[in-house]
Amino acid sequence: QVQLVESGGGLVQAGGSLRLSCAASGHNGYAMGWFRQAPGKEQEFVAVINWSGGSTYYADSVKGRFTISRDKGTVYLRMNSLKPEDTAVYYCARANGPNSTTRRPDYEYWGQGTQVTVSS
């Protein structure tokens, strides 16, 4: 059974940093991604890492500020230089294959989400 549990969200001032964690069972051999949903907006892709950790891809809005990584059973999202527009619920998700994808339909399992709030 696949389970994804996010943690690490919270309230931070603009310019600050947070590291999100996703404890994942059943992740071996699959790409893992992070998505986010701000109030009143659609869920959007943030970052993805392939099955081996050798390839990553980011949304333009977070490129250079966020870093996705994976180690054993956990996927991380390091977020630096946070902006108020990064405020959202962040979701960890497991893709249905080994390769990176930005498409929501390609993700089969989702965590419950963790709130990130960036104050100005």
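Residues numbered from 1 in each chain as written. Predicted model: local features only at pLDDT ≥ 70, side-chain atom pairs only at ≥ 80, totals over all residues. Heavy atoms only, no water.

**Structural notes on the overall build of the protein chain**
Part 1 of the reasoning: Scanning the protein chain from N- to C-terminus turns up zero helices and eleven strands.
Part 2 of the reasoning: In terms of overall dimensions, the protein chain is globule-like: its C-alpha atoms have a radius of gyration of 13 Å, near the 14 Å expected for 120 residues.
Part 3 of the reasoning: In terms of overall dimensions, the protein chain has C-alpha extents of about 40 × 25 × 25 Å along its principal axes.
Part 4 of the reasoning: Counting every position in the protein chain, which comprises 120 residues, the buried fraction comes to 47%.
Part 5 of the reasoning: Here the analysis covers contacts within the protein chain between residues at least 6 apart in sequence; of these, 59% occur between residues at least 24 apart.
Part 6 of the reasoning: Split by element, the accessible area of the protein chain, about 6100 Å² in all, is 45% carbon and sulfur.
Part 7 of the reasoning: Measuring between centres, the 12 positive side-chain charges of the protein chain sit 5 Å from its 9 negative side-chain charges. (Helix = DSSP H or I, 4+ residues; strand = E, 2+ residues; numbered from the N terminus. Rg over C-alpha atoms; globule rule 2.2 N^0.38 Å. Buried < 20%, exposed > 50% of the residue type's maximum accessible area, 1.4 Å probe, protein only. Contact = heavy atoms within 4.5 Å. Areas by Shrake-Rupley, 256 points an atom, 1.4 Å probe, with all protein chains shown as cover. Lys, Arg positive; Asp, Glu negative; His and termini not counted. Charge placed at Lys NZ, Arg CZ, Asp CG, Glu CD.)

**A short note on the packing of aromatic side chains**
Part 1 of the reasoning: Within the structure shown, the criterion is met by five aromatic pairs.
Part 2 of the reasoning: Ring plane angle 80 degrees and centroid distance 5.0 Å describe the contact between F35 and Y107, whose orientation is recorded as edge-to-face. Taken together, the residues span a long stretch of sequence, with F35 in strand 4 (residues 32–37) and Y107 in strand 10 (residues 107–110) at a distance of 72 residues.
Part 3 of the reasoning: The exposure class of F35 is buried, given its relative accessible area of 0%.
Part 4 of the reasoning: Taken together, a centroid distance of 6.1 Å and an interplanar angle of 25 degrees make the contact between F45 and Y57 stacked. Remark: Y57 occurs in strand 6 (residues 56–58) and F45 occurs in strand 5 (residues 44–49); sequence separation between them is twelve residues.
Part 5 of the reasoning: Exposure remark for Y57: the relative accessible area of 44% places this residue in the partly exposed category. (Phe/Tyr/Trp six-rings, centres within 6.5 Å; stacked < 30°, edge-to-face > 60°.)

**Some remarks on the environment of R19**
Part 1 of the reasoning: As for its position among the elements, R19 is in strand 3 (residues 18–25).
Part 2 of the reasoning: In this structure R19 comes out as partly exposed when scored by relative accessible area, which is 45%.
Part 3 of the reasoning: Along the backbone, R19 and G9 are ten residues apart, and their C-alpha atoms lie at a distance of 7.6 Å.
Part 4 of the reasoning: Those residues in contact with R19 that sit more than four places away from it in its chain are S7, G8, Y76, L77 and R78.

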